[in-house]
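# Structural overview
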Amino acid sequence: MIVLILLPVCLFGQGTATISGFVTDPAGAAVPGASVLVENAVTKYRAETESGPDGAFSVKNIPFHTYEVTVTRDGFQPFRQTVSVRSVVPFQMKIPLTLAAASDSVTVTADKALLVDPEETGTHVQMNQTEIDKLTRQGGSRGLESVIVTFPGFAQNANGAIHPRGAHNQMTYVVDGMPISDQLTGSFGNTLDPNIVQTVELFTGNVPAEYGNKVSAVANITTRSGLGSGRQFAGSVAVNAARFDQYSQVTQVAGERGRFGYTATANTMKSNRFLDAVSLDNLQNGGNSERGFFRLDFQAGPRDMLRLNGMAGRSSFQLANLRSQHAAGMEQRQLLQDGSLSFAWVRTLDARTTFETTTSYRTTDARLAPSAGDTPVTASQSRHLSTFTTGARLNTIRGAHNLRTGFDIQRFPVSEQFSFGITDRRFNDPLSPDYNPNLAPYDLTRFGRLFQFTDKATGGLYSGFLQDSIRWRRWQFSLGVRWDTYRFLVNEGQLQPRLGVSFHVKETGTVFRASYSRLFQTPPNENLLLSSSKLAASVAPPAVADILGSAVVLIRPERQDFVEAGLQQALGSRASLNVSYFHKQAIDQQDNNNFLNTGVIFPITLAKIRVNGVEGRLVLPTIRGVSASVSVTHSRAISTPPFTGGLYIGNSAIDALSMGPFVIDHDQPLAVHAIATYTAKSGFYSTFSARYDYGLVANPSDPVQVARDPDFADLLPYVNLTAQTPRVRPRTILDLSAGYEFKKDGRRRYDVSAQVSNLTNRTALYNFQSVFVGTRVVAPITAGLRFRLYF
């Protein structure tokens, strides 16, 4: 008989679970040296440990999900049991093994592969570090977003920008309990380093009530910990080299000593194709980045766990030039810096209740440096954003109820300095049909002056939530409510119900689900002061100014009504299918407009947006070393003007887009991402990936004028400007990686691999002359090598 109990043992960390227990023989004596495996066939999470001299074992830092626990020991029957861990409340197992000679008395049988999860009421997927390591990831400024885009629901854009379910990069990353809602793209903010990740959980439907701020998607990231590693000091050093003079290294160390555990990662990189180029020529596009991370865990007592996290990043890079800009000697540069510190305390109050609190501070700086050859506009920027967050969570299990409640307090001081001036007489020619008279005062070629803006302010976001997960027979209910109070340039609040339900048809391996969520998305803090200022409104194109009048309309939070319905289906015992339909209706739609091709973006809103989509994910768990997944996304996004906020310089299409509803560049009729991985027992492995994108919406440019422009004429074959909705043309990008991992005495010693991205050297565009993101070109074929040494 299996006994499952909850004991007052300490937790491992915020937002993750711990499975601990004791392994005994039929007489009740401890069984040391038993192998304990915790795994999920669909998410590919896998953790192993051994029972100690007293039969005790502990597997920590586990993402919330359903797992199969397998215990084996020579002379005993294998033990298998499915467990669901959905709370930071510790989960304890008492495992009595049966002697092999008495197999006829075994009362526990093995469960089949966990192909569906009956407790999921929304779209929720996971990926772990083993899979991430074997992906063919693009270099340059790419980060964790290059991993997330392999999941369904995301449209891929340039420089790592991704559109989750028709939104513009409105994501929150939660790193060990620390929320980060900055706009993380390679050209605007330092991205997160995928090397620090143990697992990443992605929520895009029925997002739990504890998450707020930017919730079109939430990536809950669990980092690596030294506790449980079984070694005082271990690590690896990896060096990489690839085309475009790209060189990088990643050094990682981890270990534990008694109740103390530590991990640290240092990542440095340089490349001569740091950003996605703005033309087929890779001009003025070098850069370098440095990132660092550490995590310290301390088990202060039987009921208390303390954790300290720190991150820092720096990127210095050139802004890619058009041919005309390069000929003029334009040499703009950008510097991005960030730093974060987070402290968490988790206390077990009793066998069913825990309390946890996290306090974090994050600061970011961005500087745009002009040059003497700037054309058609010169610009400079210095912006600073700090975010202080503190919050607490109370977790308790009461019968069928898994309750979680808490609050967050966030303060964010912002300072901005920005200037620009027109340096090319042809840029805003009074004789041009696209002439904007409101820019005339800042035309330096016609005796104008610099546009200059300086301001600072401090805002706050105050939140509370309550959520309950209830299991009743074949039903699962997720009942949550959240309240946000936003105090900054506008003062607003919103009550947000988050409701979901699922029903498990055990006989067919089917789980039906449906959910409704009310979402309150706060505006981006970066460049918000300028975008909402009278000065920015004074240079808006006449088409925008005529609609809004002389009044300055402040950027407000976006309010969404989000409905999702879907199902999970086990396909025999070999595959899992997850399909969903979603509909989003929102007012005060959040977006950004791009300042020429600099990558500097300014927040805007439109009156409303309607998004409908269908997506699916097919997962084939590992069979004889082979595993695969296919993600498919279809979404339609229609936005309705007028535009509010932003800084529109050289965006002639804004006049046409202001006339009525239009298909926005988040719209993606079809995206398919397939990944297949083979891992041999000998140590050889390979990963093949293919991504098809139908093409994002492009600027409705006149093809005749484009053909006359030497900066863009050679891009005409890769964009369809004569379609009713202009788009960049469809593309299929193939990537391949292969390597060999050498092990000795059960430990990894070294790993050597090669990878090729854009295997067929496909020439394609991410976007073309877009109001929102400008023009960017997909990188050509790039081959690279990596060598990793373990110690």
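Preceding block: the structure.
What this report covers is the structure whose coordinates are included nearby.

Conventions and cut-offs
Residues numbered from 1 in each chain as written. Predicted model: local features only at pLDDT ≥ 70, side-chain atom pairs only at ≥ 80, totals over all residues. Heavy atoms only, no water. Helix = DSSP H or I, 4+ residues; strand = E, 2+ residues; numbered from the N terminus. Buried < 20%, exposed > 50% of the residue type's maximum accessible area, 1.4 Å probe, protein only. Contact = heavy atoms within 4.5 Å. Salt bridge = Lys/Arg side-chain N within 4 Å of Asp/Glu carboxyl O. Lys, Arg positive; Asp, Glu negative; His and termini not counted. Polar contact = N/O pair within 3.5 Å; in protein donor to acceptor, adjacent residues only side chain to side chain. Pairing = 2+ DSSP bridges. Axes fitted to C-alpha atoms, helices over the stretch in contact; angles between N-to-C directions.

This paragraph deals with the environment of Met269. Among the structural elements, Met269 can be located in strand 18 (residues 260-271). Spatially, the C-alpha atom of Met269 lies 5.5 Å from that of Asn288, the residues being 19 residues apart in sequence.

Residue placement: Thr605 occurs in strand 31 (residues 601-623). Of the residues examined, Thr605 reaches a relative accessible area of 3% and is grouped as buried. For Thr605, the contacting residues outside a window of four places in its chain are Ile555, Arg556, Asp588, Gln589, Gln590, Pro642, Phe643 and Thr644.

Looking now at the pattern of salt bridges. According to the stated counting rule, one finds 39 salt bridges in the structure shown. In this structure, Glu119 and Arg86 form a salt bridge, with 3.4 Å as the shortest nitrogen-oxygen distance. Taken together, the residues Glu119 in the loop between strand 8 (91-96) and strand 9 (124-128) and Arg86 in the loop between strand 7 (79-85) and strand 8 connect sequence positions 33 residues apart. Overall, the relative accessible area of 17% leaves Glu119 in the buried class. Look at the salt bridges and you will find they share partners, linking Arg86, Asp117, Glu119, Glu120 and Arg471 into a network.

Its location among the elements puts Asp374 in the loop between strand 22 (353-369) and strand 23 (377-398). The side chain of Asp374 is buried and forms no salt bridge, while Arg333, the nearest opposite charge, is found at 12 Å. Separated by 2.7 Å, the side chains of Asp374 and Thr378 make a polar contact.

Overall, antiparallel pairing links the 4 strands, which are arranged 4-3-6-7 in an open sheet. The sheet terminates laterally at strand 4 (46-50) and strand 7, the two strands that pair on one side only. The sheet shows a mean angle of 20° between the axes of neighbouring strands, taken without regard to direction.

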